[in-house]
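These are the residues of each chain, in order.
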2 protein chains.
Amino acid sequence: MDGQETTEPRGPGRTRIQERNRALILEAGLAVFSETGFRGATLDRIAKSARLSKPNLLYYFPSKEAIHLALLQGLLDAWLAPLRGLDPEGEPVEEVLAYVRRKLELSRDFPRESRLFANEVLRGAPHLTEVLGGELAALVDEKAAILGRWMDEGRLARLPPEHLVFSIWALTQHYADFDTQVRAVLGDGRDPFAEAGPFLDLLFRRLLAP
Amino acid sequence: MDGQETTEPRGPGRTRIQERNRALILEAGLAVFSETGFRGATLDRIAKSARLSKPNLLYYFPSKEAIHLALLQGLLDAWLAPLRGLDPEGEPVEEVLAYVRRKLELSRDFPRESRLFANEVLRGAPHLTEVLGGELAALVDEKAAILGRWMDEGRLARLPPEHLVFSIWALTQHYADFDTQVRAVLGDGRDPFAEAGPFLDLLFRRLLAP
DNA sequence: GTCTATACTCTGATAGAC
DNA sequence: GTCTATCAGAGTATAGAC
């Protein structure tokens, strides 16, 4: 998700080369895993994409699974950041709209990360069970409580708060995960994300107006 | 999607056993492909699930790809039927709501089919390119025109019609494809689909009211 | 730190007996 | 129609030279 080795602090005892190669492998792994899922990905293709030999890959990561886990871990913070940013002190409708916008930007700017995540959840999320039931569920609970309070105060239309969150996830991620289908329907020359922005803005404004 | 060999017409020159085994293989293929995607699925697992030997599998289908293609083909009609059912003579809001309901029922009753489809589109839909750009795009164009007409007549809120369709797909399929995540957030003892029904009803009623 | 070579398993697919 | 046996290739991972 970034590549600045000069500013990024290095792990304990890691040389610049090691940092660089780890980054190369993660970048390659992201490309391959997001396309074919965990089981469909092969070390051969990751190695080729990273321009490293297969054994060299396994010098940096003990296994294929380790690469996958490292990617998912690194992804999660960035993925949950927009929801974390929902400010209980803010203006309700605008707060939710800002969340929708940030989430749509993630879909636009990091579609491979979105698909990596989608692939994992589709499988039943074997590498994410603890996170989904723990960190994620807790975060949604916390923010759902805020949304519920706003609804009680009449500052937001009454809706099941968790499903409101699901609807934001579904609508924004759809443009990354189903990109192929969206483009097939819209045809060439149209920009799905440019159209999705105003559409989702309008949708949630209508939905949430108290 | 069904199993009644007695009422279902048989293909040309197929015995009852052949029909039955083909159905067994497709059922097993659906289970495996929907979990791990095309590349992640193996003939071994499909064979085991169908309780047939691997060569016997390949007696009925010439290749792994053929099983996958047969599944996708069989799926598409059922998948597009709800949208086809959108009646230009009906009452606009109720027509769209009926479509949403039928689509959500598909997600609830055929989640594996939904995930099979999601897996394929996530990969870039190599086995569906013609269909997406052809049949699907044409159907959406046709129905988008109807929606646009209703909007012109002031019987439906003005929205980009294609994105309205995308939003229906995204919101209904989310409950099948991200079932793991939804359940992790909601916790045990809650029924995602029972809650999603009224929620989506409310959402689209608010969104579409002229 | 990186490579070649290789062990060993799994995978899709075929041959041929019954 | 179904099975056992088997193939060639791809898969993950390791050993060991440099």
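To be clear, the structure that these remarks concern was listed above.
Since we're looking at a predicted model, the values are computed, not measured.

A. Examining the protein's contact with DNA strand C more closely. For DNA strand C, the set of nearby residues contains 19 residues, the closest of which are Thr15, Gln18 and Tyr60 of chain A together with Leu43 and Lys64 of chain B. Backbone atoms, meaning sugar and phosphate, form 63% of the atoms of DNA strand C found within 4 Å of the protein. In the environment of DNA strand C, a phosphate oxygen lies 2.9 Å from a nitrogen or oxygen atom belonging to the side chain of threonine 15 of chain A. For the surface near DNA strand C, the elements supplying multiple residues, two or more each, are helix H1 (16–40) and helix H3 (54–60) of chain A together with helix H2 (43–50) and helix H3 (54–60) of chain B.

B. Representation of the protein's contact with DNA strand D within the structure. The immediate surroundings of DNA strand D are formed by 18 residues, with Leu43 and Lys54 of chain A together with Thr15, Gln18 and Tyr60 of chain B found nearest. Across the atoms of DNA strand D situated within 4 Å of the protein, the share located in sugar and phosphate is 67%. The separation between a phosphate oxygen of DNA strand D and a polar main-chain atom of lysine 64 of chain A is 3.0 Å. The side chain of serine 53 of chain B places a nitrogen or oxygen atom 3.0 Å from a phosphate oxygen of DNA strand D. At the level of elements, helix H2 (43–50) and H3 of chain A together with helix H1 (16–40) and H3 of chain B are the ones that each hand at least two residues to the surface near DNA strand D. Here the element with the most residues in the surface near DNA strand D is H3 of chain B; it accounts for 4 residues. Across the surface near DNA strand D, the residue classes tally to 8 nonpolar, 7 polar and 3 charged.

C. Main features of the packing of aromatic side chains. Evaluation of the coordinates by the stated rule reveals 10 aromatic pairs over all chains. Ring centres of phenylalanine 166 of chain A and tryptophan 169 of chain A lie 5.8 Å apart, and the angle between their planes is 50 degrees; this geometry places the pair in the tilted category. Remark: tryptophan 169 of chain A and phenylalanine 166 of chain A occur in helix H8 (residues 161–177); sequence separation between them is 3 residues, near one turn of the helix. For tryptophan 169 of chain A, a relative accessible area of 4% corresponds to the buried category. An aromatic cluster is built from Phe166 and Trp169 of chain A together with Tyr175 and Phe193 of chain B, whose rings are joined through pairwise contacts. A cation over an aromatic ring shows up here: lysine 64 of chain B above the ring of phenylalanine 38 of chain B, its NZ or CZ 4.8 Å from the ring centre.

D. Geometry of the packing of helix H5 (residues 92–109) of chain B against helix H8 (residues 161–177) of chain B. All names here are of chain B. Following both chains from N to C, one finds H5 and H8 inclined at 25 degrees, their axes separated by 8 Å at the closest point. As summarised for this structure, H5 and H8 are arranged roughly parallel, according to the angle between their axes. Remark: the crossing between H5 and H8 carries right-handed chirality. Between H5 and H8, the residues in contact are Val96, Tyr99, Val100, Lys103, Leu104 and Ser107 and Ile168, Trp169, Thr172, Gln173, Tyr175 and Ala176, respectively.

E. How the structure looks around the environment of leucine 159 of chain A. In this fold, leucine 159 of chain A is placed in the loop between helix H7 (129–152) and H8. With sequence-adjacent residues up to four places away left out, leucine 159 of chain A is seen in contact with Met151, Leu164, Leu207 and Leu208 of chain A together with Phe199 and Leu202 of chain B.

F. Representation of the pattern of salt bridges in the model. Residues and elements named next belong to chain A. Across all of its chains, the model carries 30 salt bridges over all chains by this definition. Among the salt bridges present, the one from arginine 112 reaches glutamate 27, with a minimum N-O distance of 3.0 Å. Of this pair, arginine 112 sits in helix H6 (residues 111–122) while glutamate 27 sits in helix H1; the two residues are 85 residues apart in sequence, bridging distant segments of the chain. A relative accessible area of 28% means that arginine 112 is categorised as partly exposed. As a salt-bridge pair, aspartate 109 and arginine 108 come within 2.9 Å of each other at their nearest N and O atoms.

G. Broad picture of the interface of chain B and chain A. In this complex, chain B contributes 55 residues to the contact, which on the side of chain A involves 55 residues. Roughly 4,700 Å² of surface becomes buried between chain B and chain A when both sides are summed, with 69% attributable to carbon and sulfur atoms. Area buried by chain B at its contact with chain A is led by Leu122, His163 and Arg206 of chain B, which between them contribute 15% of it. At the boundary of chain B with chain A, the tally comes to 2 salt bridges. Between arginine 190 of chain A and glutamate 162 of chain B there is a salt bridge, with its nearest N and O atoms 3.2 Å apart. Across the chain B-chain A interface, the total number found is 13 residue pairs in polar contact (both at pLDDT 80 or more). When residues of the side of chain B that touches chain A are traced back to their parent elements, those giving at least two are H1, helix H6 (111–122), helix H7 (129–152), H8, helix H9 (179–186) and helix H10 (192–208) of chain B. Ranked by the residues each element gives to the side of chain B that touches chain A, the list is headed by H8 of chain B, at 12 residues. Taken together, the residues of the side of chain B that touches chain A sort by class into 30 nonpolar, 13 polar and 12 charged.

H. Layout of the environment of serine 63 of chain A. All names here are of chain A. Relative to the helices and strands, serine 63 is located in the loop between H3 and helix H4 (64–84). Its relative accessible area of 28% is what places serine 63 among the partly exposed residues. A C-alpha to C-alpha distance of 17 Å links serine 63 and glycine 74, two positions 11 residues apart in sequence.

I. Quick look at the relation of the copies chain B and chain A. Mapping chain B onto chain A calls for a rotation angle of 180 degrees and an axial translation of 0.0 Å; the resulting RMSD is 0.1 Å. Interpreted geometrically, this transformation is the action of a two-fold axis. Minimal C-alpha separation from the rotation axis in chain B is found for glycine 40 of chain B, amounting to 2.0 Å. Comparing interface residues between copies, 100% of those in chain B also lie at the interface in chain A; the contact surface is shared.

J. Here's a closer look at the nonpolar core. By size, the foremost hydrophobic cluster in this structure holds 140 residues, and its most contacted members are Phe204 of chain A together with Phe204 of chain B. Ignoring anything within four residues of it in the chain, the contact list for phenylalanine 204 of chain B reads Leu97, Val100, Leu164, Ser167, Ile168 and Leu171 of chain B.

Cut-off values and rules
Numbers given to residues run from 1 along each chain, matching the order in which its sequence is written. Key to labels: chains lettered from A, ligands numbered from 1, both in the order written. Local features are withheld for residues below a pLDDT of 70 in this predicted model, meaning they are given only at 70 or higher, and side-chain atom pairs are given and counted only at 80 or more; totals for whole chains, interfaces and linings count all residues. Side-chain measures were taken over the full set of non-hydrogen atoms in the model, leaving aside hydrogen atoms and water. Residue proximity to a molecule or strand is established when one non-hydrogen atom of the residue lies within 4 Å of it. Here a polar contact is taken to be a pair of N or O atoms separated by no more than 3.5 Å, where protein atoms must pair a possible hydrogen donor with a possible acceptor and residues adjacent in sequence count only if both atoms sit in side chains. To qualify as a helix, a DSSP run of H or I must reach at least 4 residues; to qualify as a strand, a run of E must reach at least 2; elements of each kind are numbered from the N terminus. Nonpolar residues are Ala, Val, Leu, Ile, Met, Phe, Trp, Tyr, Cys and Pro. Charged residues are Asp, Glu, Lys and Arg, and all others, Gly as well, are polar. By convention, a stacked pair of Phe, Tyr or Trp rings (six-membered ring in the case of Trp) has centres within 6.5 Å and planes under 30 degrees apart, an edge-to-face pair has planes over 60 apart, and any other such pair is tilted. Using a 1.4 Å probe on the protein chains alone, a residue whose accessible area is under 20% of its type maximum counts as buried, one over 50% counts as exposed, and one in between counts as partly exposed. As a reminder, the over-ring test applies to NZ of lysine and CZ of arginine, requiring each to be within 6 Å of the ring centre and within 35 degrees of the ring normal. Between N-to-C directions, angles span 0 to 180 degrees; the directions come from axes that are lines fitted to C-alpha atoms, helices contributing only their stretch in contact. Here the word oblique covers every angle except those under 35 degrees (roughly parallel), over 145 (roughly antiparallel) and from 65 to 115 (roughly perpendicular). Put simply, a crossing is left-handed when the front helix is turned counterclockwise from the back one by less than a right angle, and right-handed when it is turned clockwise. Note on definitions: a residue-residue contact is assigned when non-hydrogen atoms from the two residues lie within 4.5 Å. Whenever a carboxyl oxygen of Asp or Glu lies within 4 Å of a side-chain nitrogen of Lys or Arg, that contact is scored as a salt bridge. Two parts placed together each lose some accessible area; with a 1.4 Å probe, that loss summed over both constitutes the buried area. Each copy is superposed on the other by least squares, with the fit set by C-alpha atoms of residues at a pLDDT of at least 70 in both. Residues grouped as a nonpolar core are buried Ala, Val, Leu, Ile, Met, Phe, Trp, Tyr and Cys residues, joined through side-chain atoms within 4.5 Å.

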